[in-house]
Amino acid sequence: MIIAIDGPAGSGKSSVAKMIAHRLGFQHIDTGAMYRAVAWKGQQTGIDLSDPDAVARMAEATDIELIPGGGGQRILVDGQDVTAQLKTEAVGRGAATVASQARVREILVAKQRDIGKNGGVVMDGRDIGTVVFPGADKKFFLDADPRERGRRRFEELKVSNPEVDLESIIDQVRERDFEDKNRAVSPLKQAADAIRLDTTHLAIEDVVEKILRLCEPS
Ligand code: DC
């Protein structure tokens with residue numbers, strides 16, 4: 001079984017996907033981390049992320065491994081564990097740039113299809129139900145009010161940076177939405193057959209229970 005969970009930043013999709021995978025004994029694949037891995041390597045090696053040819057050459061030559069584990073998915077880039085480094089806002093911005101490039105998407109989508117081909121996966125991202133696995137058994141699209149998504153991101157960032165400002169995080173969330181929804185290749189959009197869940201007023205646990213109920217065999 002393949003469960004696809006898409007949605008904008010801060011909709012709760014990664015946390016929900018991780019908990020669902022745990023409950024079902026499936027592997028959780030956070031595809032956003034793969035775009036972040038490409039951006040991180042480009043930033044480390046001084047590649048111009050706005051040069052699609054250079055980024056594609058680098059992505060082709062990069063080994064990205066997703067290691068499932070009790071504490072969550074870990075990401076190795078060319079053998080180095082970079083899980084923590086991928087969470088920064090700078091890497092997130094770089095990821096939005098490389099995610100708008102067709103060749104990078106082809107390379108990462110091929111990896112995602114390969115990882116998911118035997119099923120038993122909960123994959124989250126922006127284009128899982130529309131492009132990566134349009135035939136997924138279950139598709140969900142999580143959304144929430146941008147202010148609430150900004151607040152969630154603010155709570156996460158505040159832990160490591162007490163100076164962080166709520167209004168500027170909400171602005172960043174709106175900017176990221178605009179980029180993700182308006183790029184030419186695989187823009188963020190709900191698959192016609194996905195179930196939409198608005199998580200603005202829901203706790204993560206409630207979203208998980210709803211999805212698990214919807215995944216039960218009928
Ligand atoms: O979910 P995230 O913030 O880790 O995603 C990082 C960037 O990658 C974000 O700009 C959206 C993009 N992305 C994508 O285009 N397709 C995916 N399947 C996953 C993420």
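Structure's up top.
These numbers come from a predicted model, not from an experiment.

> What is the right way to read the nonpolar core from this model?
One recurring pattern in soluble globular proteins is that nonpolar side chains are buried together. Tyr35, Val38, Val55, Ile64, Ile75, Leu86 and Leu108 are the most contacted members of the largest nonpolar core, which totals 34 residues. Ranked by residue count, the leading element in this core is helix 2 (residues 32-45), at 7 residues. With residues near it in sequence (within four places) discarded, tyrosine 35 still touches Ala95, Val98, Ala99, Val104, Arg105, Leu108, Val109, Gln112 and Asp127. Counting 15 residues, the second largest nonpolar core, distinct from the first, contains Ile3, Ile5, Leu197 and Cys215.

> Help me understand the sheet that holds strand 5 (residues 80-81) in this model?
The strands that make up a sheet are held in pairs by hydrogen bonds between backbone atoms, and each pair lies either parallel or antiparallel. Reading across the sheet, the 3 strands line up as 3-4-5 and stay open at both edges, with antiparallel pairing between neighbours. Both outer strands of the open sheet, strand 3 (64-67) and strand 5, are each paired with one neighbouring strand and no more. Relative to the sheet, helix 2 contacts strand 3, strand 4 (74-77) and strand 5, its axis offset from that of strand 4 by approximately 35°.

> What's the story with the site of the ligand in this structure? I'm lost.
Looking at the ligand, there are 15 residues lining it, with Arg36, Arg105, Arg126, Asp127 and Arg183 nearest. Within the contact set of the ligand, an oxygen atom lies 2.7 Å away from a side-chain nitrogen or oxygen of arginine 36. For the ligand, whose accessible area on its own is 450 Å², the fraction buried by protein is 94%. Ranked by the residues each element gives to the shell around the ligand, the list is headed by helix 2, at 3 residues. Here the shell around the ligand is built from residues that sort into 4 nonpolar, 3 polar and 8 charged.

> Looking at this structure, how should I read the pattern of salt bridges?
Oppositely charged side chains may form a pair once their charged atoms are brought near each other. Applying the stated criterion to the full structure yields 22 salt bridges. Between arginine 153 and glutamate 89 there is a salt bridge; the shortest N-O distance is 3.3 Å. Placement of the pair is arginine 153 in helix 7 (residues 146-158) and glutamate 89 in helix 4 (residues 89-98), with a sequence separation of 64 residues. Here arginine 153 falls in the buried class, since its relative accessible area comes to 18%. Members of the salt-bridge network, linked through shared partners, are Glu89, Arg153, Glu156, Arg176 and Glu179.

> When you look at the sheet that holds strand 1 (residues 2-6) in this model, what are you seeing that I'm missing?
What the 5 strands build is an open sheet, ordered 2-6-1-7-8; its pairing is parallel. In this open sheet, the two edge strands, each paired with only one partner strand, are strand 2 (27-30) and strand 8 (195-198). In this sheet, neighbouring strand axes are inclined to one another by 20° on average, regardless of whether the strands run parallel or antiparallel. Pairing of strand 1 with strand 7 (residues 138-143), which is carried by 4 bridges, proceeds in the parallel orientation. The residue of strand 7 that forms the bridge with isoleucine 3 is lysine 138.

> Could you clarify how one ought to interpret the packing of helix 1 (residues 13-24) against helix 9 (residues 204-215) in this entry?
Think of two packed helices as two axes; the pair is described by the angle between the axes and how far apart they sit. For the pair helix 1 and helix 9, interaxial distance at closest approach is 9 Å and the crossing angle is 55°. Between helix 1 and helix 9, the interaxial angle falls into the category oblique. By crossing handedness, the relation of helix 1 to helix 9 is classed as right-handed. Along the contact surface, helix 1 presents Ser15, Val16, Met19, Ile20, Arg23 and Leu24, while helix 9 presents Ile204, Glu205, Val207, Val208, Glu209, Ile211 and Leu212. Grouping the constituent residues of the contact of helix 1 with helix 9 by class yields 9 nonpolar, 1 polar and 3 charged.

> When you look at the environment of leucine 202 in this model, what are you seeing that I'm missing?
With respect to the helices, strands and loops of the structure, leucine 202 is situated in the loop between strand 8 and helix 9. For leucine 202, a relative accessible area of 29% gives the class partly exposed. Sequence separation between leucine 202 and glycine 12 is 190 residues, and the spatial gap between their C-alpha atoms is 10.0 Å. Leaving out residues up to four positions away in the same chain, leucine 202 has contacts with Arg152, Val207 and Lys210.

Basis of the calculations
- Residues numbered from 1 in each chain as written.
- Predicted model: local features only at pLDDT ≥ 70, side-chain atom pairs only at ≥ 80, totals over all residues.
- Heavy atoms only, no water.
- Core = buried A, V, L, I, M, F, W, Y, C linked by side-chain atoms within 4.5 Å.
- Buried < 20%, exposed > 50% of the residue type's maximum accessible area, 1.4 Å probe, protein only.
- Helix = DSSP H or I, 4+ residues; strand = E, 2+ residues; numbered from the N terminus.
- Contact = heavy atoms within 4.5 Å.
- Pairing = 2+ DSSP bridges.
- Axes fitted to C-alpha atoms, helices over the stretch in contact; angles between N-to-C directions.
- Near = heavy atom within 4 Å.
- Polar contact = N/O pair within 3.5 Å; in protein donor to acceptor, adjacent residues only side chain to side chain.
- Areas by Shrake-Rupley, 256 points an atom, 1.4 Å probe, with all protein chains shown as cover.
- Nonpolar A, V, L, I, M, F, W, Y, C, P; charged D, E, K, R; others polar.
- Salt bridge = Lys/Arg side-chain N within 4 Å of Asp/Glu carboxyl O.
- Parallel < 35°, antiparallel > 145°, perpendicular 65-115°, else oblique.
- Left-handed = near helix turned anticlockwise from the far one by under 90°.

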